[in-house]
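Examining the three-dimensional arrangement
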Amino acid sequence: MQKLKVKGKNILSGEIKVSGSKNATLPIIAASILSEKKIDLKRVPIVKDVVTMCHLLKYMGSKIKINYTKKNISINNKNKKFKNVAPYSFVKTMRAGVIVLGSLLARFGKAKVSLPGGCAIGTRPVDIHLFGLKKLGAKIKIKNGYIFAEAKQGLIGTQIKFPSISVGATENVIIAASLAKGITYLKNCACEPEIKNLTDFLNKMGANITWSGKREIKIIGCKKLKQVSHQIMFDRIEAGTFIIAGALIGKKLKILGIQTNLLNTEIKILRKMGVKMQIKKDHVNILHSPKIKPVKIKTEPYPGFPTDLQAQIMVLMSKAKGKSQIKENIFENRFMHVPELNRMGAKIYTSGNLSYIEGPQNLNGAEVMATDLRASVSLVLAGLIANNQTIINRVYHLDRGYEDLEKKLRKCKAKIFRIF
Ligand code: UD1
């Protein structure tokens with residue numbers, strides 16, 4: 001099994017170009033099923049989850065070409081024998097596989113999609129997805145671990161207020177409603193920029209979707225969608241991760257290829273912590289930031305602080321002079337990196353969904369275990385500032401969502417290597 005070896009204490013400097021967003025790419029690939037025409041996607045991060053989503057579509061009958069150097073994907077879903085089934089083997093490794101449910105139902109009136117099951121950071125049910133699709137007229141049954149959904153006469157537009165905010169459910173229902181008869185009004189939607197990237201993509205294909213309020217969307221259903229070429233937005237979480245890396249051990253580290261107006265909350269919090277940054281429209285320069293201050297934060301749906309950056313900012317909090325606090329409001333079991341960080345010398349206590357971080361602590365290299373995608377990268381960050389060497393096991397979690405992480409960090413003088 002592959003491991004990462006990180007030799008700590010090397011000052012990062014140089015430039016890091018952020019890749020396209022994994023969380024924007026996955027629903028967009030799922031939404032491509034709506035059309036029989038050719039779909040071209042640019043700035044696609046070629047990470048494990050994206051490749052798994054491509055394999056799922058190939059299994060169903062899509063023709064997909066991945067250009068690994070240019071980071072482009074070309075999709076053709078014109079296949080008379082398209083299978084409207086998403087098997088367990090795909091959905092178990094990548095929960096976002098469940099997003100094909102909306103597209104399959106909208107295009108074929110019928111779908112069989114595996115339930116994703118639990119994952120390390122929590123139970124992650126799909127009840128809100130099914131609630132929305134039922135409102136659009138789908139008949140849904142759960143049997144043998146599969147969701148069987150049917151809308152023989154097609155989906156019908158209606159008013160839906162989501163009982164709570166879910167990124168995936170909002171995406172699934174937007175995709176399904178794009179081809180529904182009549183108008184759909186959605187309330188209490190998630191409004192992550194990745195969902196806006198999805199609605200831009202669908203509108204370019206000929207859908208009629210407007211954001212009528214911060215959490216409200218109006219969708220006028222249409223009959224067919226056309227050929228499209230679309231550029232994926234930058235990865236907000238990757239950008240945030242590298243900005244935190246710069247705050248921890250950077251000296252003139254430039255993070256580019258981003259839109260800083262979509263990182264307002266993160267920038268505000270990092271500024272409050274004493275991180276020295278020059279913020280431009282499409283890049284951030286992180287300067288040497290020796291005095292880090294403690295803060296109290298909570299994770300929330302966008303525009304709040306993202307749960308996907310919680311583990312990374314915790315490492316920065318361990319460098320702050322005083323006691324910081326994190327309240328995790330999105331997932332119930334997302335502090336699994338804490339024992340590993342403590343093994344490296346951090347002083348973190350958890351109680352329910354609260355974490356208290358005492359700093360400043362000097363971290364020491366150790367052999368640690370990655371438990372999920374974002375937890376893995378927090379261990380890389382810890383390794384970058386620790387004395388001696390850190391070995392991170394189970395790096396396959398990292399490969400699900402970070403494109404060329406080691407290469408990008410090495411270019412900025414980090415000593416990070418993969419051991420096979
Ligand atoms: C997406 C992101 C993930 C991020 C998360 C929250 C992708 C591919 N993944 O995941 O990186 O951490 O948003 O920003 O974009 N829930 C239910 N029932 C449902 C759906 C969700 O109870 O039907 C709960 C979840 O268990 C969780 C919360 O709602 O506690 C938010 O989940 P959701 O926003 O749906 O996250 P994902 O779309 O799975």
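The rules behind the values
Residue numbers restart at each chain and count upward from 1, following the sequence in its written direction. pLDDT decides what is reported in this predicted model: residues at 70 or higher carry local features, side-chain atom pairs at 80 or more are listed and counted, and totals for whole chains, interfaces and linings draw on all residues regardless. Water and hydrogen atoms play no part in the side-chain values, which are based on all heavy atoms of the structure. With a 1.4 Å probe rolled over the protein chains alone, any residue whose accessible area is under 20% of its type maximum counts as buried; one over 50% counts as exposed, and the rest are partly exposed. In this text, helices come from DSSP runs of H or I with a minimum length of four residues, and strands from runs of E with a minimum of two, each type numbered from the N-terminal end. We treat two strands as partners when DSSP finds at least two bridges between them. Angles shown run from 0 to 180 degrees and are taken between the N-to-C directions of axes, each axis being a line fitted to C-alpha atoms and, for helices, limited to the stretch in contact. Contacts were defined at the residue level, with two residues in contact if any of their heavy atoms lie within 4.5 Å. The labels follow the angle: roughly parallel below 35 degrees, roughly antiparallel above 145, roughly perpendicular from 65 to 115, and oblique for the rest. For any helix crossing, the convention is left-handed if the near helix is rotated counterclockwise from the far helix by under a right angle, and right-handed if that rotation is clockwise. The criterion is simple. A nonpolar core is a set of buried Ala, Val, Leu, Ile, Met, Phe, Trp, Tyr and Cys residues joined through side-chain atoms within 4.5 Å. Boundaries of every domain are those given by an automatic assignment or by a domain database. Salt bridge criterion: a side-chain nitrogen from Lys or Arg within 4 Å of a carboxyl oxygen from Asp or Glu. Once two parts are joined, some of their accessible surface, as seen by a 1.4 Å probe, is lost; buried area is that loss totalled over both. Residue proximity to a molecule or strand is established when one non-hydrogen atom of the residue lies within 4 Å of it. Each polar contact in these results corresponds to two N or O atoms within 3.5 Å; when the atoms are within protein, one needs to be able to donate a hydrogen and the other to accept it, and residues that are neighboring in sequence are counted only if both atoms are side-chain atoms. Each residue is assigned to one class: nonpolar for Ala, Val, Leu, Ile, Met, Phe, Trp, Tyr, Cys and Pro, charged for Asp, Glu, Lys and Arg, and polar for all the others, Gly among them.

1. With respect to helix 4 (residues 100-108)
Within helix 4, eight of the nine residues are buried, which leaves the element mostly enclosed by the surrounding structure. Within the span of helix 4, buried status applies to Val-100, Leu-101, Gly-102, Ser-103, Leu-104, Leu-105, Ala-106 and Arg-107. Just downstream of helix 4 lies Gly-109, where phi reads positive at about 75°.

2. Observations concerning the environment of Arg-271
Structurally, the position occupied by Arg-271 is in helix 9 (residues 264-272). With 22 residues separating them along the chain, Arg-271 and Lys-293 place their C-alpha atoms 9.5 Å apart.

3. Re the sheet that holds strand 11 (residues 183-187)
The four strands are arranged 10-11-13-12 in an open sheet whose pairing can be described as mixed. Unpaired on one side and paired on the other, strand 10 (159-161) and strand 12 (208-213) mark the two borders of the sheet. For this sheet the average axis-to-axis angle between neighbouring strands, irrespective of direction, equals 15°. Of the strand pairs in this sheet, strand 11 and strand 13 (residues 216-220) are connected by four bridges, and their pairing is antiparallel. In the sheet register, Ile-183 faces strand 13, and the bridge partner there is Ile-220. Docked against the sheet, helix 6 (residues 167-178) engages strand 10, strand 11, strand 12 and strand 13, running at close to 25° with respect to strand 13.

4. Points about the packing of helix 4 against helix 6
It is at 7 Å that the axes of helix 4 and helix 6 come closest, and there the two elements cross at 15°. One way to sum up the angle between helix 4 and helix 6 is to call them roughly parallel. Seen along the crossing, helix 4 lies across helix 6 with a hand that is right-handed. Between helix 4 and helix 6, the residues in contact are Leu-101, Gly-102, Ser-103 and Ala-106 and Asn-172, Ile-175 and Ala-176, respectively.

5. Some thoughts on the nonpolar core
By size, the foremost hydrophobic cluster in this structure holds 146 residues, and its most contacted members are Val-100, Leu-202, Met-273, Ile-313 and Leu-409. No other element matches helix 8 (residues 236-249), which puts nine residues into this core. Counting contributing residues per domain, this core is built from domain 1 (3-19 + 234-419) and domain 2 (22-231), each supplying no fewer than three. Contacts of Leu-409, omitting those with residues within four sequence positions, involve Leu-12, Ile-16, Phe-242, Val-380, Leu-384, Ala-414 and Ile-416.

6. Considering the pattern of salt bridges
Oppositely charged side chains may form a pair once their charged atoms are brought near each other. Scanning the model with the defined rule gives 15 salt bridges in all. Here Lys-38 and Asp-40 are joined by a salt bridge, their closest N and O atoms 3.1 Å apart. Assessed through its relative accessible area of 35%, Lys-38 is described here as partly exposed. The shortest N-O distance in the salt bridge between Asp-308 and Arg-334 comes to 2.8 Å. Of this pair, Asp-308 sits in the loop between strand 18 (296-298) and helix 10 (310-317) while Arg-334 is found in the loop between strand 19 (322-327) and helix 11 (337-343), placing the two residues 26 residues apart along the sequence. Salt bridges linked by common partners bring Lys-22, Asp-49 and Arg-400 together as one network.

7. Brief notes about the domain arrangement of the chain
Taken domain by domain, the chain comprises domain 1 (3-19 + 234-419) and domain 2 (22-231). Each of domain 1 and domain 2 has a C-alpha centre, and the two are 30 Å apart. Taken together, the contact pairs 26 residues of domain 1 with 23 residues of domain 2. Overall, the association of domain 1 and domain 2 removes approximately 1,900 Å² of surface from exposure, summing both partners, and the carbon and sulfur fraction of that is 50%. Its largest share of buried area at the contact with domain 2, domain 1 owes to Tyr-302, Arg-400 and Glu-403, together 32% of the area lost on that side. Where domain 1 touches domain 2, the interface holds four salt bridges. A salt bridge links Glu-403 to Lys-71; the shortest N-O distance between them is 3.2 Å.

8. Considerations on the site of the ligand
In the vicinity of the ligand there are 17 residues, among which Asp-127, Ile-128, Ser-166, Asp-308 and Ile-330 approach most closely. A distance of 3.2 Å is found between an oxygen atom of the ligand and a backbone nitrogen or oxygen belonging to Pro-125. A distance of 2.6 Å separates an oxygen atom of the ligand from a polar atom in the side chain of Ser-166. Ranked by residue count, the leading element in the shell around the ligand is helix 5 (residues 127-135), at three residues. Of the residues assigned to the shell around the ligand, the class counts are seven nonpolar, five polar and five charged. Of the domains in this structure, domain 1 (3-19 + 234-419) and domain 2 (22-231) are the two that each give at least three residues to the shell around the ligand.

9. Structural notes on the pairing of strand 15 (residues 250-256)
Examined bridge by bridge, strand 2 (residues 12-17) and strand 15 share five bridges and lie parallel to one another. Bridge assignment links Glu-15 to a residue of strand 15, and that residue is Lys-254. In this structure, strand 15 lies alongside strand 17 (residues 283-286), joined through four bridges in antiparallel fashion. Looking across to strand 17, one finds that Leu-256 is bridged to His-283.

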